[in-house]
Amino acid sequence: MEQETNVKKINTITVSSKTFSRRAMVYQCTMCQSRFVDMDDNYRLCPYCGRKIIGIE
């Protein structure tokens, strides 16, 4: 059985360069407590512990 986790929304940030400006979400894994940025809202696994993301708190 695959290990699962939820993530918490921590913050919204703006990521910008000379060619674009975009909003991104900062999430925190509830199992390993690591924070990561997701610009496309497409993460399926925590990039640090590898657990499947099953929900957002």
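In what follows, the accompanying structure is described. The structure presented is a predicted model; accordingly, all values stated were derived computationally and were not measured.

What about the side chain of T5?
Mapped onto the elements, T5 comes out in strand β1 (residues 4-16). In terms of polar contacts, T5 uses its side chain to reach the side chain of T30, at 3.1 Å. If sequence neighbours within four positions are ignored, T5 has contacts with C29, T30, M31, R51, K52, I53, I54 and G55.

Details of the environment of N6
With respect to the helices, strands and loops of the structure, N6 is situated in strand β1. The class of N6 is partly exposed, set by a relative accessible area of 26%. When the C-alpha atoms of N6 and C46 are compared, they prove to be 9.2 Å apart, with 40 residues separating the residues in sequence. Setting aside residues up to four positions removed in sequence, N6 forms contacts with Q28, C29, T30, I54, G55 and E57. At 3.3 Å, the side chain of N6 and the backbone nitrogen of G55 are in polar contact.

Each value, and the rule that gives it
- Residues numbered from 1 in each chain as written.
- Predicted model: local features only at pLDDT ≥ 70, side-chain atom pairs only at ≥ 80, totals over all residues.
- Heavy atoms only, no water.
- Helix = DSSP H or I, 4+ residues; strand = E, 2+ residues; numbered from the N terminus.
- Polar contact = N/O pair within 3.5 Å; in protein donor to acceptor, adjacent residues only side chain to side chain.
- Contact = heavy atoms within 4.5 Å.
- Buried < 20%, exposed > 50% of the residue type's maximum accessible area, 1.4 Å probe, protein only.

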